[in-house]
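# Breakdown of the fold
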Amino acid sequence: MIALTKNFDWSVLNRNSIIGLLCSLTPEIVKQELTVDQFHSKITTLLKKYIPIRVRKSFSNKVDPEFVYVGGRYCSYHDEEHKKCIEIILQYRSGQKIINLTSKRFESMCGTIADTLLHEIIHMRQFRRRNFKQLPDYASTAEKTELRQEQEYLGCTDEIDAYGFNICLLYTSDAADE
């Protein structure tokens, strides 16, 4: 049984443990024709069994066929109330009914889920250390809205720290593979 978010030991999670957990589904997923709902259910059930997170499904025409895009979100107000505060978003191609992932694509997706989850855990630790206080955001002076929003997001101190962590993970993972 999973402990409540308040009592869950997030420090036991690392990239290899998360990837290992997800890869335990390899025989059920790789080269198997599954409906998107079946696929999503398998991933969701496994993750929620071991980690107190939310998993959401979404669809977009921007997703390439036979791929699953991964996103994440941390909600400080849920965390403050000791509710599930980290959400993994699995995004599928709009209109796609069946998904059949190769081993390489599934392994890549598992790595992306692990990296995304660890990124959101960094945000959780940042907010907890500050007693859930928000830091002032970076103020872009770009004229175009899209560029201004991107600069403000990536210029945020919390995002710089979390992406820095992700870059270090990729660097150390690549070095370990050599």
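Since this is a predicted model, take the numbers as computed values, not measurements.

### Comments concerning helix 1 (residues 15-23)
Those residues of helix 1 that sit buried are Arg15, Ile18, Ile19, Leu21 and Leu22. Around the axis of helix 1, the buried residues are gathered within 160 degrees of arc, so they sit on the same side. Measuring from the side-chain oxygen of the N-cap residue of helix 1 to the backbone nitrogen of Asn16 gives 3.0 Å; that N-cap residue is Asn14.

### With respect to the environment of Phe132
With respect to the secondary-structure elements, Phe132 resides in the loop between helix 5 (103-129) and helix 6 (145-155). The class of Phe132 is partly exposed, set by a relative accessible area of 24%. For the pair Phe132 and Asn100, spaced 32 residues apart in sequence, the C-alpha separation works out to 41 Å. Once residues within four sequence positions are removed from consideration, Phe132 is found in contact with Tyr74, Ser76, Asp79, Glu80 and Phe127.

### A look at the confidence of the model for the protein
Averaged over the protein, the pLDDT score is 90; the fraction of residues at 70 or greater is 93%. The lowest-confidence element of the protein is helix 7 (residues 157-177), averaging 75 in pLDDT; the highest-confidence one is strand 4 (residues 86-93), averaging 98.

### What about the side chain of Arg15?
Within the secondary structure, Arg15 sits in helix 1. Judged by relative accessible area, which is 17%, Arg15 ranks as buried. Side chain to side chain, Arg15 and Asp115 meet in a polar contact 2.6 Å long.

### Some thoughts on the pattern of salt bridges
Under the definition given, this model contains 8 salt bridges. The salt bridge partner of Asp79 is Arg128, with a shortest N-O separation of 2.7 Å. Of the two residues, Asp79 sits in helix 4 (residues 76-80) while Arg128 sits in helix 5, which places them 49 residues apart along the sequence. Given a relative accessible area of 2%, Asp79 falls into the buried group. Relative accessible area serves as the criterion here: at 30%, Arg128 is assigned to the partly exposed category. Through salt bridges with shared partners, a single ionic network connects Arg56, Arg73 and Glu87.

### Thoughts on the packing of helix 3 (residues 36-50) against helix 5
At a minimum axis distance of 14 Å, the contact between helix 3 and helix 5 shows a crossing angle of 40 degrees. Judged by the inter-axis angle, helix 3 sits oblique to helix 5. For the crossing formed where helix 3 meets helix 5, the hand is right-handed. Of the residues in helix 5, those in contact with Phe39, Ile43 and Leu47 of helix 3 are Phe106, Met109 and Ile113. Among the residues forming the contact of helix 3 with helix 5, the class breakdown is 6 nonpolar, no polar and no charged.

### Concerning the environment of Lys62
Summarising the element assignment, Lys62 is placed in the loop between strand 2 (54-60) and strand 3 (69-74). Looking at Lys62, the relative accessible area reads 73%, which means it is exposed. Each C-alpha atom of the pair Lys62 and Ile122 lies 28 Å from the other, and the pair is 60 residues apart in sequence.

Reading the values: rules and limits
Residues numbered from 1 in each chain as written. Predicted model: local features only at pLDDT ≥ 70, side-chain atom pairs only at ≥ 80, totals over all residues. Heavy atoms only, no water. Buried < 20%, exposed > 50% of the residue type's maximum accessible area, 1.4 Å probe, protein only. Helix = DSSP H or I, 4+ residues; strand = E, 2+ residues; numbered from the N terminus. Arc of directions from axis to C-beta. Polar contact = N/O pair within 3.5 Å; in protein donor to acceptor, adjacent residues only side chain to side chain. Contact = heavy atoms within 4.5 Å. pLDDT = per-residue confidence, 0-100. Salt bridge = Lys/Arg side-chain N within 4 Å of Asp/Glu carboxyl O. Axes fitted to C-alpha atoms, helices over the stretch in contact; angles between N-to-C directions. Parallel < 35°, antiparallel > 145°, perpendicular 65-115°, else oblique. Left-handed = near helix turned anticlockwise from the far one by under 90°. Nonpolar A, V, L, I, M, F, W, Y, C, P; charged D, E, K, R; others polar.

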